[in-house]
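Reading the structure
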Amino acid sequence: MATIKIKQIKSKIGYPIDQKRTLTSLGLHKISQVVEVEDTPSIRGMIRKVHHLVTVID
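The sections below set out a description of the structure shown in this document. Please read all numbers here as calculations on a predicted model, not as lab measurements.

This part is about the sheet that holds strand 3 (residues 54–57). Read across the sheet, three strands follow the order 2-1-3 without closing on themselves; strand pairing throughout is antiparallel. Each edge of the sheet is formed by a strand with only one pairing partner; in this case those strands are strand 2 (34–38) and strand 3. The sheet shows a mean angle of 35° between the axes of neighbouring strands, taken without regard to direction. For strand 1 (residues 3–8) and strand 2, the ladder comprises five bridges, and the chain directions are antiparallel. Across the sheet, Ile4 pairs through a bridge with Val37, a residue of strand 2. Relative to strand 1, helix 2 (residues 41–49) is tilted by about 20°, and along the sheet it contacts strand 1, strand 2 and strand 3.

This is how it looks when you write it as structure tokens:
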């Protein structure tokens, strides 16, 4: 399958616990960290939930 790169651009401090856990599920722990994950509908849903904290790198 295809993969996508996700970069955390903003801190998770001050956001609800479910959004913090979503970032952890994506494998993101620090600002400017980049992870490469498979492009699945569930991953896309997680990205949509924290779209204000991450960006997708082409």
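Counting through the fold element by element, Gln19 comes out in helix 1 (residues 17–26). Leave out the neighbours within four places in its chain, and Gln19 touches Lys49, Val50, His52 and Leu53.

A word on the nonpolar core. Core analysis: the biggest nonpolar cluster contains twelve residues, these being Ile4, Ile6, Leu23, Leu26, Leu28, Val35, Val37, Ile43, Ile47, Val50, Leu53 and Val54. Among the elements of the structure, strand 1, helix 1, strand 2 and helix 2 are those that each provide at least two residues to this core. Every residue in contact with Ile47, bar those within four places of it in the chain, is listed here: Ile4, Ile6, Val54 and Val56.

Glancing now at the pairing of strand 1. Where burial is concerned, the two faces of strand 1 differ: the one with Ile4, Ile6 and Gln8 is buried and the one with Thr3, Lys5 and Lys7 is not. Pairing of strand 1 with strand 3, which is carried by four bridges, proceeds in the antiparallel orientation. Across the sheet, residue Gln8 finds its bridge partner in strand 3, namely Val54.

With that settled, the discussion passes to the pattern of salt bridges. If you walk through the whole model with that rule in mind, you get two salt bridges. Residue Lys49 pairs with Asp18 through a salt bridge whose shortest N-O separation is 3.1 Å. Residue Lys49 is found in helix 2, and its partner Asp18 is found in helix 1; the two are separated by 31 residues along the sequence. Asp39 is the partner of Arg44 in a salt bridge, and the nearest nitrogen-oxygen pair spans 2.8 Å. According to the relative accessible area criterion, Arg44 is partly exposed, its value standing at 34%.

Reading the values: rules and limits
Residues numbered from 1 in each chain as written. Predicted model: local features only at pLDDT ≥ 70, side-chain atom pairs only at ≥ 80, totals over all residues. Heavy atoms only, no water. Pairing = 2+ DSSP bridges. Helix = DSSP H or I, 4+ residues; strand = E, 2+ residues; numbered from the N terminus. Axes fitted to C-alpha atoms, helices over the stretch in contact; angles between N-to-C directions. Contact = heavy atoms within 4.5 Å. Core = buried A, V, L, I, M, F, W, Y, C linked by side-chain atoms within 4.5 Å. Buried < 20%, exposed > 50% of the residue type's maximum accessible area, 1.4 Å probe, protein only. Salt bridge = Lys/Arg side-chain N within 4 Å of Asp/Glu carboxyl O.

In short, the description is geometric, and any link to function would need to be established separately.
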